Amino acid sequence: SLAGSGAILMLHRVSPENRSPLGVNAGLSVTPEFLDRLVGELKSDGYDFVSLDDVPARLAKPDGKPFLAVTFDDGYKDNAAHAYPVLRRHNVPWTVYIAPGLVDGEAFLWWELLELALQKLDTFELPFGTLTCKSIAEKAAVFNRIQEFLLQELPEPEVPGFIRTFAAKTGIDAKAYGESELLGWDEIRTQAEDPLCTIGTHTMRHHHLARLSDNALAAEFAEAHVALENRTGVAPRHVAYPYGYELAVGRRETDHASNLGYVTGVTTRHGMLFGEHLT
């Protein structure tokens, strides 16, 4: 069937507020009302909501009923406040992918910090020149250019320091911002105790994995695995590759995760799931 056996719903933020004043991160947030309506309509359409643990078996032996698994990247506090009550009410399982480095302040939510900085700035200084960003349209264009710089040009190990510096120039403490927006370890443990919840890994520091050396890539997986098991008492079985597009995760990265025993690995590439995805 061209429809496939099922799919994974990838979510980030769930908030009643507009979390992207410039619109550049608007696609990362939905309202609780939207989520409630979406789940209700999909159930009415005949979809079966399953845990990510159940996805391999459903792909191996499709039973004719399409399935959906719900996931959240990054582990935002608003998930606990606004998403989980909706999912519990519908008895829908979910997985949340945690990057311990984001929780501990080794890495930062640069896409949000950059948007906040651009709200305040009329110019943005980069190593290759100064960019003007007075109008909303200019700010959106500068956001895209800096995103390109961070993900393609600046050496990956230098990204956190660059983010910390530009945030500080606009009066924002990057680490404190992460603490205000992301689930802390006590909250993550609470979620892990919920029978409906599965904790997965988003690697250690949310790096662009394809830009890392083999040793650095291995460390990203290994450190995240140890940190999550130590902090939650449960070894992660599922991984979400940061950014997830074709240039950010390839065969090297997926082979590494597979060799470590992860049951599933997810990207951001659109499409339905088929039995072939088991290989």
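A brief look at the structure comes next. Since the model is a prediction, treat every value here as computed from it, not as a measurement. (Residues numbered from 1 in each chain as written. Predicted model: local features only at pLDDT ≥ 70, side-chain atom pairs only at ≥ 80, totals over all residues. Heavy atoms only, no water.)

It is worth spelling out the overall build of the chain at this point. Looking only at helices and strands, the chain features 11 helices and 11 strands. The C-alpha atoms of the chain give 19 Å as radius of gyration, which agrees with the globular expectation for 279 residues (19 Å, within 12%). Taking the principal axes of its C-alpha atoms as reference, the chain extends roughly 55 × 45 × 40 Å. Counting only residues that meet the buried cut, the chain has 47% of its 279 residues in that class. Residue pairs at least 24 apart in sequence account for 70% of intrachain contacts in the chain once pairs closer than 6 positions are excluded. Surface exposure of the chain reaches about 13,100 Å², of which carbon and sulfur atoms provide 52%. Measuring between centres, the 25 positive side-chain charges of the chain sit 1 Å from its 38 negative side-chain charges. (Helix = DSSP H or I, 4+ residues; strand = E, 2+ residues; numbered from the N terminus. Rg over C-alpha atoms; globule rule 2.2 N^0.38 Å. Buried < 20%, exposed > 50% of the residue type's maximum accessible area, 1.4 Å probe, protein only. Contact = heavy atoms within 4.5 Å. Areas by Shrake-Rupley, 256 points an atom, 1.4 Å probe, with all protein chains shown as cover. Lys, Arg positive; Asp, Glu negative; His and termini not counted. Charge placed at Lys NZ, Arg CZ, Asp CG, Glu CD.)

Here the second largest pocket defines a volume of roughly 450 Å³. Those elements giving two or more residues to the lining of the second largest pocket turn out to be helix 5 (110–120) and helix 6 (136–153). Residues of the lining of the second largest pocket, tallied by class, amount to 11 nonpolar, 7 polar and 2 charged. (1 Å grid on protein atoms, 1.4 Å probe; cavity = no way out; pocket = protein on both sides within 12 Å on 5 of 7 lines; lining within 4 Å. Points joined across faces, edges and corners; volume = space filled by probe spheres on them. Nonpolar A, V, L, I, M, F, W, Y, C, P; charged D, E, K, R; others polar.)

The next point concerns helix 10 (residues 214–232). Along its 19 residues, helix 10 runs 27 Å from first to last C-alpha, staying within 8% of the 27 Å computed at 1.5 Å per residue. Taken together, the buried positions of helix 10 are occupied by L217, E220, F221, A224, A227, L228 and T232. Viewed end-on, helix 10 has its buried residues packed into an arc of 140°, placing them on one side of the element. Exposed side of helix 10, more than 90 degrees from the buried face: D214, N215 and N230 are the residues found there. Looking at the buried side of helix 10, the elements it contacts are strand 6 (94–98), helix 4 (100–104), helix 9 (185–192), strand 9 (197–201), strand 10 (238–240) and helix 11 (251–259). Where helix 10 terminates, the next one or two residues include G233, which has phi positive at roughly 85°. (Expected span 1.5 Å × (residues − 1). Arc of directions from axis to C-beta.)

A separate point is the packing of helix 9 against helix 10. Running from amino to carboxyl end, helix 9 crosses helix 10 at an angle of 75°, the nearest separation of the two axes being 9 Å. One finds that helix 9 runs roughly perpendicular with respect to helix 10. On helix 10, the residues touching W185, I188, R189 and A192 of helix 9 are L228, R231 and T232. (Axes fitted to C-alpha atoms, helices over the stretch in contact; angles between N-to-C directions. Parallel < 35°, antiparallel > 145°, perpendicular 65-115°, else oblique.)

This part takes up the packing of aromatic side chains. The final tally for this structure, using the stated rule, is 9 aromatic pairs. Taking 6.5 Å as the distance between ring centres and 25° as the angle between the ring planes, the aromatic pair formed by W110 and F143 counts as stacked. Taken together, the residues W110 in helix 5 and F143 in helix 6 connect sequence positions 33 residues apart. Assigned by exposure class, W110 and F143 land together as buried. Where F128 meets F149, the ring centres are 5.8 Å apart and the plane angle is 70°; that geometry is what we call edge-to-face. Here the residue F128 occupies a position in the loop between strand 7 (123–126) and strand 8 (129–132), and F149 occupies one in helix 6, the gap between them amounting to 21 residues. Exposure remark for F149: the relative accessible area of 5% places this residue in the buried category. (Phe/Tyr/Trp six-rings, centres within 6.5 Å; stacked < 30°, edge-to-face > 60°.)

Moving on: the nonpolar core. Residues W110, L113, F124 and F166 are the most contacted members of the largest nonpolar core, which totals 34 residues. When residues of this core are traced back to their parent elements, those giving at least two are helix 5, strand 7, helix 6, helix 7 (159–169) and helix 8 (174–181). For F124, the contacting residues outside a window of four places in its chain are L114, A117, L118, G129, T130, L131, C133, V142, I146, F162 and F166. Judged by nonpolar contacts, the second largest core, of 27 residues, contains Y84, V86, I188 and I199. (Core = buried A, V, L, I, M, F, W, Y, C linked by side-chain atoms within 4.5 Å.)

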